[in-house]
4 protein chains.
Amino acid sequence: MIAVLKPSATKEQIDSLTAWLEERGLAVHVSKGETYTVLGLIGDTSKIDTELLGSLEMIDSVKRISEPFKNANRKFHPDDSVIEVGNLKIGGHDFQIIAGPCSVESHDQILSIAKSVHASGASILRGGAFKPRTSPYDFQGMRADGIDLLLEAKKQTGMPIVTEIMNANHLPMFEQVDIIQVGARNMQNFELLKELGMIRKPILLKRGLANTLQELLMSAEYIMAGGNRNIILCERGIRTFETFTRNTLDLSAIPLLRELTHLPVAVDPSHATGTARLVLPMAMAAAAAGAHGVMIEVHNDPAKALCDGAQSLTPEQFAEVSEKVRRIREVITS
Amino acid sequence: MIAVLKPSATKEQIDSLTAWLEERGLAVHVSKGETYTVLGLIGDTSKIDTELLGSLEMIDSVKRISEPFKNANRKFHPDDSVIEVGNLKIGGHDFQIIAGPCSVESHDQILSIAKSVHASGASILRGGAFKPRTSPYDFQGMRADGIDLLLEAKKQTGMPIVTEIMNANHLPMFEQVDIIQVGARNMQNFELLKELGMIRKPILLKRGLANTLQELLMSAEYIMAGGNRNIILCERGIRTFETFTRNTLDLSAIPLLRELTHLPVAVDPSHATGTARLVLPMAMAAAAAGAHGVMIEVHNDPAKALCDGAQSLTPEQFAEVSEKVRRIREVITS
Amino acid sequence: MIAVLKPSATKEQIDSLTAWLEERGLAVHVSKGETYTVLGLIGDTSKIDTELLGSLEMIDSVKRISEPFKNANRKFHPDDSVIEVGNLKIGGHDFQIIAGPCSVESHDQILSIAKSVHASGASILRGGAFKPRTSPYDFQGMRADGIDLLLEAKKQTGMPIVTEIMNANHLPMFEQVDIIQVGARNMQNFELLKELGMIRKPILLKRGLANTLQELLMSAEYIMAGGNRNIILCERGIRTFETFTRNTLDLSAIPLLRELTHLPVAVDPSHATGTARLVLPMAMAAAAAGAHGVMIEVHNDPAKALCDGAQSLTPEQFAEVSEKVRRIREVITS
Amino acid sequence: MIAVLKPSATKEQIDSLTAWLEERGLAVHVSKGETYTVLGLIGDTSKIDTELLGSLEMIDSVKRISEPFKNANRKFHPDDSVIEVGNLKIGGHDFQIIAGPCSVESHDQILSIAKSVHASGASILRGGAFKPRTSPYDFQGMRADGIDLLLEAKKQTGMPIVTEIMNANHLPMFEQVDIIQVGARNMQNFELLKELGMIRKPILLKRGLANTLQELLMSAEYIMAGGNRNIILCERGIRTFETFTRNTLDLSAIPLLRELTHLPVAVDPSHATGTARLVLPMAMAAAAAGAHGVMIEVHNDPAKALCDGAQSLTPEQFAEVSEKVRRIREVITS
């Protein structure tokens, strides 16, 4: 860590700061420029709060050189983490397609979609039982009943299931769920993250709409600090000024995260774009950029499900996505 | 609500959609343009999900005319809500200055700051006991002990206290807290909001870093839908590309929120800017823009509290803020 | 166009507005809801300024249904535009790789890079002669001499060249340039766009860092309104809060632009990401998302060119990009 | 300037880099940490391109300590610059209210507004003659005729005038204009800035919609590098995800700019918010935050000027703004 001192910093201030840092076990290396003095802090700086340090009167700016995440850091774990989900793997050379409806709505709906996407190449079933909705007046999901229906679909198709948790108190209901999803709005619900660190189930951690990649990795670190190392990161679009798409899918996050961390990286093009027509090209682009998985919303019968999500594909459209993504993967892995 | 149909929409599609909407109790008014047909939906449209409706093949776009928030809506409650906090009021013509340290650190610290800010014009004491930190390795607050110290400071100064909750399971600890704060990162923690709707204590609801004003009002609506109408909204900066400030304080939120809702609006210039030097001008600007309160971080002894927050003022600086804000209020209210 | 009136709008106001709109050749269709009245404006609304209309006291909001761009609109020109550049084509089924250095620096540099990228699959040579730099103290480019060197490289390799213009007064120097680039910072330099509408040379129009896709299309419309229909749009990243990348490459812009317009869409992953390591995955992703071209920065000798751009590849790295992009294209076009 | 080297940097690389930097007149101070080596560059680093330096294989990151702007830098010019405009001054203790219509539309319109705002406390007249419009089909302003009408209003009221330039070739038409405005879209039209550096007239430089404060100061530096030191900076809102306001007015820019530079800072609340109702509170807030001037749009007769801008006030509303701003200034200056 480097601290740049203001030209106005007095010798007393510098000595006092140096003493304080040394008390915390750091070696301090002083380097004087023409107008600025720079302190190099050597040792385990992960406990030093850069923002607090930067607030001192004498400090011009602080720069962390080593990343504040350790467990998630590729520097300390150079090999790709491969997460086991039932008989499947995700991460490293293993790529999976996760598909299913936005919300679980009925027995027939989830069974029908599950069988259809399974036949077209999906290997993991998704479906919302607890739904985070902006409005208290919107449908909040089938909750426990939705999880039961997902488990029934898992039984009939053999596919592992992923579904979102919104409250650590609900954890007992998730006992047979294969992957627990943390939604974008809960990425910094630190109390929830801590609870998920106590279990050993795989966690699909979605990036918050306004969160940096470093913050995403720090949230993974919250879970890993508790001992749960089974984390799949998921890019799902960030909030920008552009209004044609619901969010802006940040595909450069894929190669960047793969460089910074050993954890697998999935992409959800459905929620990011909010438009079914964009799912095919964005799923292909995500695969081409090196994602370890894509997560696609599929609904069953557009005639009946009049108000299904804008981002959902029909099973036929999903089959095309699945096939095209498979072919992009061939280019990537050859 | 208005739904614009695509030129390609067939008569069958329009009839089917119209029937579906009428089933939901809405009257549908069809208006044909040269290339587009527009449906006007009349009645209680708050249950219709615009995003889902917009996803239909036949739909070009959907526009909600009436706001989806009801309890928070000024149209239905034209008079300002005035929230009672102990013997104080906030909202309408009542303005309050909330001040205190970022984190409660010790008995002496909180008592010393509380007495000092009380003497300089603060009427409500703030102080973090549970601290949401980006890193699991940073100080997470004194938790229950911190609340006890705040209550001691309340006893000695008579000031009501406000402190942040991060987990609904902690509610029993907040029984004697006067205002419960929901932090920016939990603004869309809907499970927490629902629990806070069940109590009747005032809630200080901070705007999320990437949340629109409508989303802030929808989160207030979550609490109000449960029956708790004692909400104070708080603007604390949004995330933008500018890097000189930690966040960009959106002061236009004050007059906009005052127009949209009857709830009081406070501003936290300390967290928004992340720099003590900006707190004075931004607190004055917030008061000039019509805020019902400002929330200011103050620390006691910079020499001892070496690593206090960059956004914290000394008691002397706070006294100046308090005096200048008071004088701006005179201009506003005269 | 739809105008939603406020509940407070009086009959006199509505009549006066209707009369004013009818004077402008529009038919007005009035539709009354329970609380709101909606005016449907039928006819050529492209001359009506929505922002000005929306500013009227009686108006709640205005929504344009038909897009305000005509010449660029795919609705009126359903077939892909294919732009001819020398013997090459870009657009429709024709994909081109544009490569070259950030700045033209010397005869040897540009010749060496040109030959190298030509051998590896690039078909168009890029190179900056006039350089827009944030600081007046940074290198501003070789200007006219740079263009001469590009023309020499064109002569020796047969590749058409593209280079940026910053001032309409410089147009005479661009007479033998094949494609004139408008940089992101000049995307809304309307005076320059008008001048480029007067010529018939292909224009590569880069999206501004904070510009919506509709604004990009309106800038294309400025050029097309003058009669020049030879426009290649170029996505190059937008400004967001993320700081790991210089900008956030918005690849969903590719399928969206292809839907909205008939003009070809290229992508510049080098400038968007600002990091050479990200160019390969982002170029592949751009091709997978359906771009008609990619624009890649290449420098020659990293040992000599000590301070070449962070976003530049070596010729060897470029050869890999070129090969991988070619293979992605095979998946796309098969 | 500080350059942090990657752990993989070899001694040869470091020596070669050090030699290269020393050739450029810099002293290099090497400081070795446990895993990272840090180079402190001492001397005139304004000529070093941080982005290019950061692109080197061996470099982890680069941090500029001294600001890259010199002429605009308060460190080198501690006293406030006070710009003379006719008999008026702006900057330091001198505050001015600039008012007038968005566009000059007719002799009667501009004369009527000019007289009215002059009577209510405006000291400088604004009015657009050349209008940057997103659409080529929107009204582009009265151009030269508009300037003539502004000059007529100046003659009759004695108020200096400010109006926007879009093309350096138009400079001869601006000979009698008192302040030349550079609009947000041209803030990085470097060719235009260079031309404005050649004259000595005051320039009102608006911040671009997606430009940082440092970029704004670098654009001021472009003008000052040419010798023109008469610059008034103007905050007018930045682009964010919030859609209730057209842009987000960044009032923290005022105290920050006043700290970084000696140049005066004005604020345009009309364009920023796009809503007349927000102009009064935002103008008051701007004054409270320490602005040296506010720029307010006023239109004359809403009944006649049916489609005047949403952001424009009536003369009566302006009179209230002017009076309230005056009273806020009293608090500031007392």
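Look up a bit, the structure's there.
Residues numbered from 1 in each chain as written. Chains lettered and ligands numbered in written order. Predicted model: local features only at pLDDT ≥ 70, side-chain atom pairs only at ≥ 80, totals over all residues. Heavy atoms only, no water.

Asker: How should the overall build of chain A be read in this particular structure?
Answerer: Each helix and strand in chain A was counted, giving ten helices and 14 strands. Each principal axis of the C-alpha distribution contributes one length, and for chain A these read about 75 × 45 × 40 Å. Counting the 334 residues in chain A, one finds 65% classified as buried. The contacts of chain A with a sequence gap of at least 6 include a subset with a gap of at least 24, amounting to 67%. (Helix = DSSP H or I, 4+ residues; strand = E, 2+ residues; numbered from the N terminus. Buried < 20%, exposed > 50% of the residue type's maximum accessible area, 1.4 Å probe, protein only. Contact = heavy atoms within 4.5 Å.)

Asker: How should unusual backbone geometry be read in this particular structure?
Answerer: When glycine is set aside, most residues are seen to have a negative phi, and most peptide bonds are trans. Non-glycine residue R143 of chain A carries a positive phi angle of around 55 degrees. Here R143 of chain A lies in the loop between β8 (124-126) and α4 (144-157).

Asker: Help me understand the side chain of R126 of chain A in this model?
Answerer: Residues and elements named next belong to chain A. Note on placement: R126 falls in strand β8. A residue is classified by how much of its surface remains accessible, and R126, at 5% relative accessible area, is buried. Polar side-chain contacts of R126 include one of 3.3 Å to the backbone oxygen of P101. (Polar contact = N/O pair within 3.5 Å; in protein donor to acceptor, adjacent residues only side chain to side chain.)

Asker: Whenever I open this one, helix α1 (residues 11-23) of chain C confuses me. Can you help?
Answerer: Because each turn of an α-helix spans 3.6 residues, side chains separated by three or four positions end up pointing in the same direction. Residue and element names in this part refer to chain C. Counted at 1.5 Å a residue, the expected span for α1 with its 13 residues is 18 Å, and the 18 Å between its end C-alpha atoms agrees. Buried within α1 we find I14, L17, T18, W20 and L21. Along the long axis of α1, the arc covered by the buried residues comes to 165 degrees, so they all point the same way. Exposed residues lying more than 90 degrees from the buried face of α1 are K11, E12 and E23. Among the residues trailing α1, G25 stands out with phi positive, at a value near 85 degrees. (Expected span 1.5 Å × (residues − 1). Arc of directions from axis to C-beta.)

Asker: Whenever I open this one, the interface of chain B and chain A confuses me. Can you help?
Answerer: Reports often express the size of an interface as the amount of accessible area lost when the parts come together. Taken together, the 51 residues of chain B in the interface contact 51 residues of chain A. Interface area, chain B with chain A, both sides summed: about 4600 Å², of which 53% is carbon and sulfur. Linking chain B with chain A are four salt bridges. With a shortest N-O distance of 2.6 Å, E215 of chain A and R239 of chain B are connected by a salt bridge. There are 21 residue pairs in polar contact (both at pLDDT 80 or more) connecting chain B and chain A. Every element with two or more residues in the side of chain B that touches chain A is listed here: α1 (11-23), α2 (50-54), α5 (190-197) and α6 (213-225) of chain B. In terms of residues, the side of chain B that touches chain A owes the most to one element, α6 of chain B, which gives five residues. (Buried area = accessible area lost by both parts, 1.4 Å probe. Salt bridge = Lys/Arg side-chain N within 4 Å of Asp/Glu carboxyl O.)

Asker: What exactly am I supposed to notice about the relation of the copies chain B and chain A here?
Answerer: What relates the pair of chain copies is a rotation about an axis plus a shift along that axis. Each copy of the sequence occupies a distinct position, and chain B is placed on chain A by a rotation of 180 degrees and an axial shift of 0.1 Å, giving an RMSD of 0.1 Å. One copy is carried onto the other by what is essentially a two-fold rotation axis. Taking C-alpha positions as reference, the residue of chain B nearest the rotation axis is A210 of chain B, located at 2.7 Å. A shared binding surface is used by both copies, with 100% of the interface residues of chain B retained as interface residues in chain A. (Least-squares fit on C-alpha atoms with pLDDT ≥ 70 in both.)

Asker: Would you explain the environment of G25 of chain D in this entry?
Answerer: Inspection of the secondary structure puts G25 of chain D in the loop between α1 (11-23) and β2 (27-32). Distance from G25 of chain D to I113 of chain D, taken between C-alpha atoms, is 57 Å for residues 88 residues apart in sequence.

Asker: Which parts of the structure should I look at to understand the interface of chain A and chain C?
Answerer: Listed per partner, the contact involves 38 residues of chain A and 38 residues of chain C. Buried surface at the junction of chain A and chain C, both sides included, amounts to about 3200 Å², of which 72% is carbon and sulfur. Counting the surface chain A buries against chain C, the share from its top three residues, F241, F244 and V331 of chain A, is 20%. Taken together, the connections running from chain A to chain C amount to four salt bridges. Here E259 of chain C and R277 of chain A are joined by a salt bridge, their closest N and O atoms 2.6 Å apart. If you look at where chain A meets chain C, you find eight residue pairs in polar contact (both at pLDDT 80 or more). Elements represented by at least two residues in the side of chain A that touches chain C include exactly α6 (213-225), α7 (253-260), α9 (276-288) and α10 (315-333) of chain A.

Asker: Teacher, can you tell me more about the packing of aromatic side chains here?
Answerer: All names here are of chain B. Applying the stated criterion across every chain, the model contains eight aromatic pairs over all chains. A ring pair is formed by F190 and Y222, whose centres lie 4.6 Å apart and whose planes are at 20 degrees; its orientation type is stacked. Taken together, the residues span a long stretch of sequence, with F190 in helix α5 and Y222 in helix α6 at a distance of 32 residues. For the residue pair F190 and Y222, the accessibility class agrees, reading buried in each case. (Phe/Tyr/Trp six-rings, centres within 6.5 Å; stacked < 30°, edge-to-face > 60°.)

Asker: What am I meant to see in the packing of helix α10 (residues 315-333) of chain B against helix α10 (residues 315-333) of chain D here?
Answerer: For any two helices packed against each other, one specifies the crossing angle of their axes together with the interaxial distance. α10 of chain D packs onto α10 of chain B with a crossing angle of 155 degrees between their chain directions and a minimal axis gap of 10 Å. As judged from the angle between their axes, α10 of chain B and α10 of chain D are roughly antiparallel. In this structure, α10 of chain B crosses over α10 of chain D, and the sense of that crossing is right-handed. Only K324, R327, I328, E330 and V331 of chain D of α10 of chain D make contact with α10 of chain B, whose side of the interface consists of K324, R327, I328, E330 and V331 of chain B. Tallied by class, the residues present in the contact of α10 of chain B with α10 of chain D amount to four nonpolar, no polar and six charged. (Axes fitted to C-alpha atoms, helices over the stretch in contact; angles between N-to-C directions. Parallel < 35°, antiparallel > 145°, perpendicular 65-115°, else oblique. Left-handed = near helix turned anticlockwise from the far one by under 90°. Nonpolar A, V, L, I, M, F, W, Y, C, P; charged D, E, K, R; others polar.)

Asker: What exactly am I supposed to notice about the relation of the copies chain A and chain C here?
Answerer: When chain A is fitted to chain C, the best match, at an RMSD of 0.0 Å, comes from turning it 180 degrees and sliding it 0.0 Å along the axis. The residues that chain A uses at the interface reappear at the interface of chain C in 100% of cases, marking a shared surface.

Asker: Just to check I follow, could you spell out the pairing of strand β11 (residues 203-206) of chain C for this structure?
Answerer: Residue and element names in this part refer to chain C. Every second residue of β11 is oriented toward a common face, with I203 and L205 on one face and L204 and K206 on the other, all of them buried. One ladder, built from three bridges, connects strand β10 (residues 179-182) with β11; its direction is parallel. If you follow Q181 over to β11, its bridge partner there is L204. A crossover links β10 with its parallel partner β11, the connecting element being helix α5 (residues 190-197), and its sense is right-handed. Once the chain exits β11 it traverses helix α6 (residues 213-225) before rejoining the sheet at strand β12 (residues 231-235), and the crossover so formed is right-handed. (Pairing = 2+ DSSP bridges. Right-handed = clockwise from strand over helix to strand, strands pointing away.)

Asker: Quick question: what am I supposed to make of the sheet that holds β2 of chain D here?
Answerer: Paired through backbone hydrogen bonds, the strands of a sheet run either parallel or antiparallel to each other. Residue and element names in this part refer to chain D. Strand order in this open sheet of four strands is β2-β3-β1-β4, and the pairing throughout is antiparallel. Unpaired on one side and paired on the other, β2 and β4 (59-63) mark the two borders of the sheet. Mean inter-strand twist for the sheet, computed between neighbouring axes without regard to direction, equals 20 degrees. Here four bridges tie strand β1 (residues 2-5) to β4, and the two strands are oriented antiparallel to one another. The residue bridging I2 from the neighbouring strand is K63, located in β4.

Asker: Even after reading the chapter, I still don't get the side chain of H271 of chain C, so can you show me in this structure?
Answerer: Residues and elements named next belong to chain C. Considering the arrangement of structural elements, one finds H271 in helix α8 (residues 269-273). Judged by relative accessible area, H271 falls into the buried class, the value being 13%. Among the polar contacts listed, one links the side chain of H271 to the side chain of E297, at a separation of 3.0 Å.

Asker: Is there a simple way to think about the sheet that holds strand β4 (residues 59-63) of chain B in this case?
Answerer: Residues and elements named next belong to chain B. Pairing within the open sheet is antiparallel, and its four strands lie in the order β2-β3-β1-β4. Pairing within the sheet leaves two strands with one partner each, and these edge strands are β2 (27-32) and β4. Within this sheet the neighbouring strands show an average axis-to-axis angle of 20 degrees, counted without direction.

Asker: How should I be thinking about the nonpolar core in this particular structure?
Answerer: In globular proteins that are soluble, nonpolar side chains generally tend to be buried together. Membership of the largest hydrophobic core comes to 314 residues, with the highest contact counts inside it found for L205 and L251 of chain A, L251 of chain C together with L205 and L251 of chain D. Setting aside chain neighbours within four positions, we find L251 of chain A in contact with V267, M282, A285, A286 and A289 of chain A together with L251 and M282 of chain C. The next biggest cluster of nonpolar side chains, apart from the first, holds 18 residues, and it includes M1, I14, I48 and M58 of chain A. (Core = buried A, V, L, I, M, F, W, Y, C linked by side-chain atoms within 4.5 Å.)

Asker: What's the story with the pairing of strand β14 (residues 293-297) of chain A in this structure? I'm lost.
Answerer: Side chains on a regular strand alternate between the two faces of the sheet. Residue and element names in this part refer to chain A. In terms of residue burial, β14 counts as a mostly covered element, since five of its five residues are buried. Of the two faces of β14, the one lined by G293, M295 and E297 and the one lined by V294 and I296 are each fully buried. Pairing of strand β7 (residues 96-100) with β14, which is carried by five bridges, proceeds in the parallel orientation. Bridge pairing in β14 places I97 opposite V294. Where strand β13 (residues 265-267) and β14 come together, two bridges link them in parallel fashion. Following the sheet pairing, V267 is matched in β14 by V294.

Asker: How should I be thinking about the packing of α5 of chain B against α6 of chain B in this particular structure?
Answerer: Residues and elements named next belong to chain B. The N-to-C vectors of α5 and α6 enclose an angle of 45 degrees; their axes lie 6 Å apart at closest approach. Compared by their axis directions, α5 and α6 come out oblique. Across the interface between the two elements, F190, L193, K194, L196 and G197 of α5 pack against S219, Y222 and I223 of α6.

Asker: Teacher, can you tell me more about the environment of I180 of chain C here?
Answerer: All names here are of chain C. Secondary-structure assignment places I180 in strand β10. Along the backbone, I180 and E164 are 16 residues apart, and their C-alpha atoms lie at a distance of 5.8 Å. Those residues in contact with I180, other than ones at most four positions away along the chain, are T163, I165, L171, F174, L196, I199, K201, P202, I203 and L204.

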